Amino acid sequence: MKAPAHISRKRRRTAPLVLCLLLLAALAGFLCGRTPRSILPGVVNTGNETVIQPKDAWQLTLVNAKNPIEGNPQIELTELRNGQAIDSRVYPALQRMMDDARAVGLRPLICSSYRTNEKQTELFQNKVASYLNQGYSVEEATRLAAGWVAAPGTSEHQLGLAVDIVAESYQLLDEQQEQTAEQQWLIENCAAYGFILRYPTDKSDVTGVGYEPWHYRYVGETAANEIMSQGVCLEEYLGATA
Ligand SMILES: [Zn+2]
C-alpha cells in the first residue's frame, strides 16, 4: 500500500537529519573512547599500543627494567653545592622545593642525584656482592639486588631527573624515612614543584621497585599533580609496564 503523500514528504525531509545525528553520535563515541589516553602529555594512543613520544616530553621519559636508557644521552647538568648534579632543566624547581622546605624549618639533604653508568654499575655490583656474601647464587644475588638497586642502564638517576632526599637527622634509606618531618612535607608538597614520589609502597608490583620514601622524580607540574592526586605511579600514568 502506498503511503499517504504527507508521510512520504516528511520521511524525505527527516532522513538526512537522522543520518547526520547518527554520524555525530558515532563520532562522539569514537572520540570519548580515545580521550583518556590521548590527552596525556607526550603520549599518543595509536589504537592497540601506546607510544610515548620523547619529543616535547623529556620529563616523562620512562626508565625501568623493561625500558632501559637508549644510547648515551647527553645531559646538561647543573652541579649542586654538595657536589651532586641534576639536569639543568630541573634545577630551578629542585632549588625552590629545597628552599621552601628549609623556610619552614626542615633540613632536607640530597644524598644522591645524577649518576653515570659507571657509578650505577658500581652500586649494583656492590649490592650483588652483599647477597653473594650471604651465600646466594650469582643468579639469585643478581635478582635480589635488582629489587633494591636498578641494574646499570635502568636507573632514572642516570637521566638526571631523580633525587634521593633524606632528613639530615635521619639518613638511613629505609621505610622509617617516611616518618621524618622532611618526608612528610615532601610527599605532601612535591607535586607543586613538579616532582612525584616515584616508588610508592602500594605500587611495587607495578614499578618493580620496593618502597622508597626518599626517591623523587621530576615529571613537570601537570603530570606530578595528576599522578600524586590520582594515586597512580608513572608506569600507570603512561600506560606502560615495568
Ligand atoms: Zn633514588
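Only a predicted model underlies this, so the values are computations on that prediction, with no experimental measurement involved.

1. Quick word on the overall build of the protein chain
Then, number 1: A count of helices and strands for the protein chain gives 8 helices and 8 strands.
Then, number 2: Going through the 242 residues of the protein chain one by one, you find that 36% of them count as buried.
Then, number 3: Counting only contacts in the protein chain whose residues sit at least 6 apart along the sequence, the fraction spanning at least 24 positions is 65%.
Then, number 4: For the protein chain, the accessible area works out to roughly 14,100 Å², and carbon and sulfur atoms hold 54% of it.

2. Quick look at the side chain of Glu156
Then, number 1: Following the sequence through the fold, Glu156 ends up in the loop between helix H4 (138–146) and strand E6 (162–167).
Then, number 2: Within the structure, Glu156 has its side chain in polar contact with the side chain of Arg217 (distance 2.9 Å).
Then, number 3: If near-sequence neighbours (up to four positions away) are discounted, Glu156 is found in contact with Val63, Leu161, Ala162, Arg198, Tyr199, His215 and Arg217.

3. Some points on the coordination of the zinc ion
Then, number 1: All of the protein donors around the zinc ion are His157 (NE2), Asp164 (OD), Asp164 (OD) and His215 (ND1); their distances to the metal are 2.0 to 2.8 Å.
Then, number 2: Between the 4 donor atoms coordinating the zinc ion, the angles at the centre fall across 51 to 154 degrees, so the site counts as irregular.

4. A closer look at the confidence of the model for the protein chain
Then, number 1: Chain-level statistics for the protein chain give a pLDDT mean of 83 and a share of 76% at 70 or above.
Then, number 2: Predicted confidence for residues 1–11 stays below pLDDT 50, and this span has 1 contact to residues more than four positions away or in other chains.
Then, number 3: Across residues 22–56 the pLDDT falls below 50, and counting only partners more than four positions away or on other chains, this stretch makes 25 contacts in the model.

5. As for the packing of aromatic side chains
Then, number 1: As enumerated under the stated definition, the model contains 4 aromatic pairs in all.
Then, number 2: Relative to Tyr136, the ring of Tyr131 lies with its centre 5.7 Å away and its plane at 75 degrees, an arrangement referred to as edge-to-face.
Then, number 3: Measuring from ring centre to ring centre gives 5.3 Å for Phe195 and Tyr218, while their planes differ by 75 degrees; the resulting arrangement is edge-to-face. Of the two residues, Phe195 sits in strand E7 (residues 195–197) while Tyr218 sits in strand E8 (residues 215–218), which places them 23 residues apart along the sequence. We note that Phe195, like Tyr218, is buried.
Then, number 4: Site record: aromatic cluster; members linked through ring pairs are Trp58, Phe195 and Tyr218.
Then, number 5: Against the face of Trp58 rests Arg89, its NZ or CZ located 4.0 Å from the ring centre.

6. Some words on the nonpolar core
Then, number 1: Core analysis: the biggest nonpolar cluster contains 25 residues, and Leu94, Met97, Val163, Ile165, Phe195 and Tyr216 have the highest contact counts within it.
Then, number 2: Listing elements by their share of this core, those giving two or more residues are helix H2 (91–103), E6, helix H5 (181–189), E7 and E8.
Then, number 3: With 5 residues, H2 is the single largest residue contributor to this core.
Then, number 4: Beyond its immediate chain neighbours, meaning those up to four positions away, Val163 contacts Ile86, Leu94, Ile110, Ser112, Ser113, His157, Phe195, Trp214, His215 and Tyr216.
Then, number 5: If you look at the next biggest cluster of nonpolar residues, it comprises 12 residues, including Ala57, Leu62, Ala224 and Ile227.

Conventions and cut-offs
Residues numbered from 1 in each chain as written. Predicted model: local features only at pLDDT ≥ 70, side-chain atom pairs only at ≥ 80, totals over all residues. Heavy atoms only, no water. Helix = DSSP H or I, 4+ residues; strand = E, 2+ residues; numbered from the N terminus. Buried < 20%, exposed > 50% of the residue type's maximum accessible area, 1.4 Å probe, protein only. Contact = heavy atoms within 4.5 Å. Areas by Shrake-Rupley, 256 points an atom, 1.4 Å probe, with all protein chains shown as cover. Polar contact = N/O pair within 3.5 Å; in protein donor to acceptor, adjacent residues only side chain to side chain. Donors = N, O, S within 2.8 Å, 3.2 Å for Na, K, Ca; no water. Tetrahedral: all angles 85-135°; square planar, octahedral: opposite > 155°, others 65-115°. pLDDT = per-residue confidence, 0-100. Phe/Tyr/Trp six-rings, centres within 6.5 Å; stacked < 30°, edge-to-face > 60°. Lys NZ or Arg CZ within 6 Å of the ring centre and 35° of its normal. Core = buried A, V, L, I, M, F, W, Y, C linked by side-chain atoms within 4.5 Å.

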